[in-house]
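# Examination of the molecular architecture
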Amino acid sequence: MAQVRDVGVKDVEEAIYKLALDAAYHIPEDVLEAEKKAYEREKSPVAKKVLETIFKNIEVSAQGEFPLCQDTGLAVIFLEVGQDVHFTDGYLVDAINRGVERAYKDGYLRKSTCHPLTRENYGNNLPAIVHTFVVPGDKVKIIFDAKGGGSESMSKVQMMKPADGRDGIVKTVVDWVIQAGPNPCPPVIVGVGIGGDFERAAVMAKHATLRKVGEPSPDPVLADMEREIYEKVNNSGVGPAGLGGLTTCLGVHIEMEPCHIATLPLGINIACHVNRHKEIVL
Amino acid sequence: MAEYKLTTPLTDDDIIKLKAGDMVYLSGVVYTARDAAHMRMIKALDEGKELPFDIKGQVIYYVGPSPARPGRPIGSAGPTTAYRMNPFAPRLIALGQKGMIGKGKMSDEVKQACMKYKACYFASIGGAAAVVGSAVKEAEIIAYPELGPEAVRRLVVEDMPLFVCYDSYGNDLYEMAKKEWAGKFTTTA
Ligand code: SF4
């Protein structure tokens with residue numbers, strides 16, 4: 001029988017604290033690299049200017065005083081827990097929330113959670129949104145995603161008809177991203193979840209935005225769809241900040257799972273050009 | 001595409017020379033407000049009360065900044081999505097507001113109001129928030145402090161880079177730009 005490994009929730013709290021601060025001020029390497037490549041290829045003078053401003057923003061932010069974006073997002077956490085892990089010294093989710101609250105306070109990050117109806121701001125950016133997956137092994141992987149409201153609002157789940165098939169999905173995603181236009185702060189990363197059920201399609205779509213930018217799916221059918229959507233979206237002319245150009249998206253990432261014979265769930269989640277996510281394995 | 005340096009408050013003469021696609025470096029006072037603050041301002045008008053500032057010639061920046069560090073007037077301060085202000089902007093434009101700063105499309109009613117009363121909607125670069133925040137010289141909360149990041153602030157900015165998005169002639173930069181660049185990715189990139 002496998003040995004059970006103790007992990008103190010204090011360590012999880014510390015990890016979350018550091019990831020949240022790091023995400024707010026430092027762009028992921030792969031995102032910056034994709035933006036630089038886009039800049040080389042870009043032909044629109046306005047788009048070049050927008051991308052230069054984005055690069056300057058990344059530099060200013062990295063000095064640690066001004067976060068990449070004023071909307072420092074809801075704290076979305078993907079937690080992969082090895083089944084041989086035993087959390088000690090407290091309740092895991094409380095520890096996660098403590099890490100988030102401290103980081104948003106100490107890092108001068110904006111607190112953006114509110115009551116859905118009265119719109120009263122809770123002032124602490126809590127609660128964090130935690131997606132937990134039990135996996136083999138005795139490690140804990142934490143992915144921290146600071147998700148802004150502008151790009152999140154340009155997301156949807158659509159229950160497609162099975163007959164819509166591959167081409168129906170491609171068209172739906174392309175049309176959706178183009179109509180979102182400037183709202184999700186392009187150049188964006190498009191996350192797509194196909195199959196599963198209603199809520200799995202949404203979770204896959206968000207998880208897909210966290211893949212290394214532009215890395216194709218290992219499934220050649222999905223990789224082909226990714227390439228087609230990528231080209232069509234970039235042919236829209238929307239461009240960086242929606243001000244015109246060749247760079248509307250930096251990458252399209254699709255995840256897929258089996259679904260019911262009567263359904264074809266489709267989730268679309270858009271990540272903006274700051275796509276703040278950081279991860280660690282404990 | 002022309003470039004202008006303008007200082008607030010703006011006049012009809014400032015507005016009529018601007019065309020969609022022009023760049024403007026804006027200096028002077030701008031006021032911040034988002035949905036919650038707009039709802040309160042409209043309520044004040046409905047109740048026959050005064051707005052928290054004189055709106056004539058002013059520019060409202062749709063932003064909810066991140067908290068200021070000690071010794072700084074403000075944190076990061078990029079634009080928020082403007083369509084949420086569609087229900088409010090035309091009424092304020094009719095009262096003399098000359099500009100909105102945000103990101104994303106607004107409504108046809110807003111476009112009409114820009115034409116009728118000579119105003120402009122300026123697009124700022126979403127997510128370039130550290131750049132804008134570090135260019136704000138002064139910031140002061142002047143109304144609704146309980147709204148936190150959504151309180152109305154009076155900012156003094158210097159050379160804030162903006163693109164004229166809706167001008168007073170009914171032009172729309174987003175539509176123009178999309179037309180100009182559509183289909184060019186495959187052929188040129
Ligand atoms: S969509 Fe992203 S870059 Fe744009 S305002 Fe929101 S968090 Fe910032």
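Residues numbered from 1 in each chain as written. Chains lettered and ligands numbered in written order. Predicted model: local features only at pLDDT ≥ 70, side-chain atom pairs only at ≥ 80, totals over all residues. Heavy atoms only, no water.

### Concerning the overall build of chain A
- Secondary structure summary: chain A contains 8 helices and 10 strands in total.
- In terms of overall size, chain A behaves like a compact globule, its C-alpha atoms giving a radius of gyration of 19 Å where 282 residues would be expected to give roughly 19 Å.
- Projected onto its principal axes, the C-alpha coordinates of chain A cover approximately 55 × 50 × 40 Å.
- Counting across all 282 residues of chain A, residues that qualify as buried make up 58%.
- Long-range pairs, those at least 24 residues apart, make up 81% of the contacts in chain A between residues at least 6 apart in sequence.
- For chain A, the exposed area adds up to about 11,700 Å²; of that, 57% sits on carbon and sulfur atoms.
- Averaging the positions of the 31 positive and the 39 negative side-chain charges in chain A gives two centres separated by 5 Å. (Helix = DSSP H or I, 4+ residues; strand = E, 2+ residues; numbered from the N terminus. Rg over C-alpha atoms; globule rule 2.2 N^0.38 Å. Buried < 20%, exposed > 50% of the residue type's maximum accessible area, 1.4 Å probe, protein only. Contact = heavy atoms within 4.5 Å. Areas by Shrake-Rupley, 256 points an atom, 1.4 Å probe, with all protein chains shown as cover. Lys, Arg positive; Asp, Glu negative; His and termini not counted. Charge placed at Lys NZ, Arg CZ, Asp CG, Glu CD.)

### Focus: helix α3 (residues 45-62) of chain A
- In this model α3(A) runs 26 Å from its N-terminal to its C-terminal C-alpha over 18 residues, within 8% of the 26 Å that 1.5 Å per residue would give.
- When α3(A) is considered as a whole, its buried residues turn out to be A:Val46, A:Ala47, A:Val50, A:Leu51, A:Thr53, A:Ile54, A:Phe55, A:Asn57, A:Ile58, A:Val60 and A:Ser61.
- Turning to α3(A), the residues buried within the fold contact α1 (9-25) and α2 (29-41) of chain A together with α5 (129-133) and β7 (152-166) of chain B.
- Its side-chain oxygen at 3.3 Å from the backbone nitrogen of A:Val46, A:Ser44 defines the N-terminal cap of α3(A).
- Following α3(A) by one or two positions, A:Gly64 adopts a phi angle in the positive range, close to 90°. (Expected span 1.5 Å × (residues − 1). Polar contact = N/O pair within 3.5 Å; in protein donor to acceptor, adjacent residues only side chain to side chain.)

### Details of the domain arrangement of chain A
Residue and element names in this part refer to chain A.
- With domains assigned, chain A is organised as domain 1 (5-26 + 68-147) and domain 2 (150-275).
- Put simply, the middle of domain 1 and the middle of domain 2, counted by C-alpha atoms, are 25 Å apart.
- Facing the 10 residues of domain 1 at the interface are 12 residues of domain 2.
- At the boundary of domain 1 with domain 2, total buried surface from both sides reaches about 820 Å², with 68% on carbon and sulfur atoms.
- The largest contributions to the domain 1 side of the interface with domain 2 come from Phe78, Asp145 and Lys147, which together make up 56% of the buried area.
- Inspection of the region where domain 1 meets domain 2 yields 1 salt bridge. (Domains from an automatic or database assignment. Buried area = accessible area lost by both parts, 1.4 Å probe. Salt bridge = Lys/Arg side-chain N within 4 Å of Asp/Glu carboxyl O.)

### Regarding the site of the ligand
- Near the ligand you find A:Cys69, A:Asp71, A:Gly148, A:Gly150, A:Ser151, A:Pro184, A:Cys185, A:Cys272, A:Arg276, B:Lys103 and B:Gly127, and these make up its full shell.
- Neighbouring residues of the ligand are not confined to a single chain but are spread across chains A and B.
- By residue class, the composition of the shell around the ligand is 4 nonpolar, 4 polar and 3 charged. (Near = heavy atom within 4 Å. Nonpolar A, V, L, I, M, F, W, Y, C, P; charged D, E, K, R; others polar.)

### Quick notes on the confidence of the model for chain B
- The predicted model of chain B averages 93 in pLDDT, with 98% of residues at 70 or higher.
- ipTM for the predicted complex: 0.90, alongside a pTM of 0.92. (pLDDT = per-residue confidence, 0-100.)

### Section: the nonpolar core
- If you look at the biggest cluster of nonpolar residues, it comprises 64 residues, and the most contacted ones within it are A:Leu243 and B:Met106.
- Each residue touching B:Met106, except ones within four places of it in the same chain, is listed here: B:Tyr62, B:Ala82, B:Met85, B:Asn86, B:Ala89, B:Tyr121 and B:Tyr166. (Core = buried A, V, L, I, M, F, W, Y, C linked by side-chain atoms within 4.5 Å.)

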